[in-house]
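# Structural overview for review
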Amino acid sequence: MKKVVSLLAFFVLAIGLLAGCGNGQQAAEKDKKAGMEKEQATIVVKDAEGKKTAEEKVDLKGQNLQDLMKEHFKVKENKGFFVEIEGISQDEAKNLYWVFEINGEQATKGAKDITPEKGDKIVWELIDFS
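On a predicted model such as this, the values are computed, not experimentally measured, just so you know.

## What about the packing of aromatic side chains?
- The tally for this structure, following the rule as stated, stands at three aromatic pairs.
- Centre to centre, the rings of Phe 100 and Trp 124 are 4.5 Å apart; their planes meet at 35°, and the pair counts as tilted. Taken together, the residues Phe 100 in strand β6 (residues 96-102) and Trp 124 in strand β8 (residues 121-128) connect sequence positions 24 residues apart.
- Phe 100 sits in the buried class, given a relative accessible area of 8%.
- On the basis of relative accessibility, which here comes to 3%, the residue Trp 124 falls in the buried class.
- Within the aromatic cluster, the residues linked to one another by ring pairs are Phe 82, Phe 100 and Trp 124.

## Description of the sheet that holds strand β3 (residues 75-78)
- Judged by pairing direction, the sheet is antiparallel, and its three strands sit side by side in the order β3-β4-β5 without closing on themselves. The open sheet is flanked by β3 and β5 (88-89), the only strands paired with a single partner.
- In this structure, β3 lies alongside strand β4 (residues 81-85), joined through four bridges in antiparallel fashion. Within β4, the residue paired with Lys 76 across the bridge is Glu 84.

Rules and cut-offs
Residues numbered from 1 in each chain as written. Predicted model: local features only at pLDDT ≥ 70, side-chain atom pairs only at ≥ 80, totals over all residues. Heavy atoms only, no water. Phe/Tyr/Trp six-rings, centres within 6.5 Å; stacked < 30°, edge-to-face > 60°. Helix = DSSP H or I, 4+ residues; strand = E, 2+ residues; numbered from the N terminus. Buried < 20%, exposed > 50% of the residue type's maximum accessible area, 1.4 Å probe, protein only. Pairing = 2+ DSSP bridges.

Following this line, the structure appears as structure tokens:
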């Protein structure tokens, strides 16, 4: 009789533990559906030929674009402008300069004056201005 009671208690405990694990997974899925996903934007870097050289999803923490770039990419600046991103330098002699667009529209402000929002796609590209 003690064996049957012990075995029954073991099964009840095991089922309770499994049910608890399932509820945790269900809660995580419910949070995700309720909009609890991370607030992220995507940043893409392209060279002068338009070839993608880097892409990263970045977590948004209220930072401006300039700070996000410094945090997630290897960049060099001169007087507040990026002159090199991921080892690719602009070239004044060839009129090649870094520009960026957000969600397909050319930026009208500098990176320090823009705070990306959830779902934004920012594309940096080396453009020929000749």
